[in-house]
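Each chain, letter by letter, is given below.
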Amino acid sequence: MTKLINQTHASNDLLIFDNLESEVRSYCRSFPTKFIRSSGYQLWDVEGKVYIDFFAGAGALNYGHNHPEMKKKLIQYLTEDGISHSLDMATVAKEIFLTKFRDIILKPRELNYKIMFPGPTGTNSVESALKLARKVTGRQTIMSFTNAFHGMTLGSLSVTGNKFKRLGAGVPLNHSVSMPYDGYMGKDVNSLSFIESFLNDSGSGISLPAAVIVETLQGEGGINIASNEWLIGLAKLCKHYEILLIVDDVQMGCGRTGSFFSFERTGIIPDIVCLSKSIGGYGLPMAITLMKPELDLWEPGEHNGTFRGNNLAFVTAAQALDYWENSRFTEEIEAKGEMIRNALSEIVISVPELNGEVRGLGMMQGIAFENNIAQKISALAFKRGLIVETSGTDSEVIKIMPPLTIDHIGLAAGLRILSDCIYDIAVENNALVSKL
Ligand code: PMP
């Protein structure tokens, strides 16, 4: 560790960031320290304090920090002067990734998709999906959902729910229509009937959309899960009205909910799929957009970009796919998901005064609270060595998303810190605590 630090950077002051970096910075405000090293599910700051990571790079580190096998492959590739930048030219690294993605991910799931490399971020993939849907159908409107989050560029913002984020656009966000997500109108109301009545009625004021874009589980929007029935119904509705179905799997893909794609639990086959974050395996920037072959109507270069061939990410992405060669990893995620569910349920039961509600699936779970409890929990957890973020429009949900590779000891330790913090916050808020 000492090799990484020289005297100038050893102190934990944040002056250069406070003085020079734009006010737009955000996560460093919730986790105010200077990090220097990371491994697996742990991070260290310059003072040597260790943190358990229940945030995992917002889903970009599903395989943990500095995964040893990926690191080995990466170092070897760099040492051998492997191609680093290549626009979208053919490289061996890309060939290996494409081949493995076809053989390990697509074929066993009987999925027939062409693969597009947009720019390396989630929002790049979303933009490419929206553009393609409009091109293919010749229609303009995209239907999205309440509390959706799809990224910060204009097209993605136009299908994002959050008012604060949308206002940042500074221009009208149009050619989109927001509809109620599953559960938005109450537990007993099927929002699909509502949506269908709009599509069916030539007086509804809504023109036939080119596509519907949906997250099967809304991470940023507050860990809202769509039921299998609702998603299947949505896919049927899309088929009936010849609307393309885009699943944004940027955060929920790559195993976060258990299976490689989050929609596998439903059996639906989207027309277009957006993937980013953990597809690169090592936290390196990479995104892909999957499309049914008949939709691949792009002209060469029609959606271009300088960074669509991050070969270093191809190397680690290909290595990461080994996790998916059999069902072992999915089983592991399910077992850890169960452990998280039990711990969260126990917390909620033992502090009923906080009115917490457990939400989520697999290794994307959380507790929704009232008031600003979740933010207080996140701040206290950080002081005690746990990095855990909030989500939801009012940051009302504490969001637990550790690396999928975390071991039981790490998971139990993180959950222990979390539950202690929640109890202590409950006491601070004068809630009666009936500790188990
Ligand atoms: N879609 C979803 C579902 C996301 O969660 C995110 C990022 N949180 C994005 C798109 C945007 O990804 P990026 O920040 O890489 O642009």
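This section reports on the structure supplied with the text. This one's a predicted model, so the numbers in the text were calculated from it and none came from an experiment. (Residues numbered from 1 in each chain as written. Predicted model: local features only at pLDDT ≥ 70, side-chain atom pairs only at ≥ 80, totals over all residues. Heavy atoms only, no water.)

The next point concerns the environment of arginine 341. Secondary-structure assignment places arginine 341 in helix 13 (residues 328-350). Owing to a relative accessible area of 29%, arginine 341 belongs among the partly exposed residues under this scheme. Along the chain, arginine 341 and glycine 258 lie 83 residues apart, while their C-alpha atoms are 14 Å from each other. Apart from the residues within four sequence positions on either side, arginine 341 is in contact with Val358, Arg359, Gly360, Leu361 and Gln365. Engagement of the side chain of arginine 341 in a polar contact is seen with the side chain of glutamine 365, the distance being 3.0 Å. (Helix = DSSP H or I, 4+ residues; strand = E, 2+ residues; numbered from the N terminus. Buried < 20%, exposed > 50% of the residue type's maximum accessible area, 1.4 Å probe, protein only. Contact = heavy atoms within 4.5 Å. Polar contact = N/O pair within 3.5 Å; in protein donor to acceptor, adjacent residues only side chain to side chain.)

This brings us to the site of the ligand. The environment of the ligand is made up of Thr121, Gly122, Thr123, Phe149, His150, Gly151, Glu215, Glu220, Asp248, Val250, Gln251 and Lys277. Between the ligand and the protein, one listed contact pairs an oxygen atom with a backbone N or O atom of glycine 122 at 2.8 Å. At 2.8 Å, a side-chain N or O of glutamine 251 approaches an oxygen atom of the ligand. Surface burial for the ligand is 82%, taken as the share of its 390 Å² of free accessible area covered by protein chains. (Near = heavy atom within 4 Å. Areas by Shrake-Rupley, 256 points an atom, 1.4 Å probe, with all protein chains shown as cover.)

Structurally, methionine 339 can be placed in helix 13. A residue is classified by how much of its surface remains accessible, and methionine 339, at 22% relative accessible area, is partly exposed. Between the C-alpha atom of methionine 339 and that of methionine 363, which follows or precedes it by 24 residues, the distance is 9.5 Å. Residue contacts for methionine 339: discarding those within four places in its chain leaves His408, Leu411, Ala412 and Leu415.

On to the packing of helix 13 against helix 15 (residues 408-428), then. For the pair helix 13 and helix 15, interaxial distance at closest approach is 11 Å and the crossing angle is 15°. Our classification of the angle between helix 13 and helix 15 gives roughly parallel. Considering the relative orientation of helix 13 and helix 15, their crossing is right-handed. Along the contact surface, helix 13 presents Lys336, Met339, Ile340, Ala343, Leu344, Ile347 and Ser350, while helix 15 presents His408, Leu411, Ala412, Leu415, Leu418, Ser419, Ile422 and Tyr423. For the contact of helix 13 with helix 15, the per-class residue count stands at 11 nonpolar, 3 polar and 1 charged. (Axes fitted to C-alpha atoms, helices over the stretch in contact; angles between N-to-C directions. Parallel < 35°, antiparallel > 145°, perpendicular 65-115°, else oblique. Left-handed = near helix turned anticlockwise from the far one by under 90°. Nonpolar A, V, L, I, M, F, W, Y, C, P; charged D, E, K, R; others polar.)

Only a minority of non-glycine residues have a phi that is not negative, and only a minority of peptide bonds are not trans. Positive phi is not limited to glycine here, since alanine 58 has a value of about 55°. In this fold, alanine 58 is placed in helix 4 (residues 56-59). Although it is not a glycine, isoleucine 223 sits at a positive phi angle of roughly 55°. Relative to the assigned elements, isoleucine 223 resides in the loop between strand 8 (217-218) and strand 9 (224-225).

The next point concerns the packing of aromatic side chains. Throughout the structure, instances matching the rule amount to 21 aromatic pairs. With centroids separated by 4.9 Å and ring planes inclined at 90°, the aromatic side chains of phenylalanine 260 and phenylalanine 261 adopt a geometry described as edge-to-face. A ring pair is formed by phenylalanine 260 and tryptophan 324, whose centres lie 5.3 Å apart and whose planes are at 85°; its orientation type is edge-to-face. Linking phenylalanine 260 in the loop between strand 10 (244-248) and strand 11 (272-275) with tryptophan 324 in the loop between helix 12 (311-320) and helix 13, this pair joins segments that are 64 residues apart in sequence. A residue is classified by how much of its surface remains accessible, and phenylalanine 260, at 1% relative accessible area, is buried. Taken together, the ring pairs connect Tyr63, Phe97, Phe101, Phe117, Phe260, Phe261, Phe263, Phe314, Tyr323, Trp324 and Phe329 into an aromatic cluster. In this structure, arginine 37 is placed above the aromatic ring of tryptophan 44, and the distance from its NZ or CZ to the ring centre is 4.0 Å. (Phe/Tyr/Trp six-rings, centres within 6.5 Å; stacked < 30°, edge-to-face > 60°. Lys NZ or Arg CZ within 6 Å of the ring centre and 35° of its normal.)

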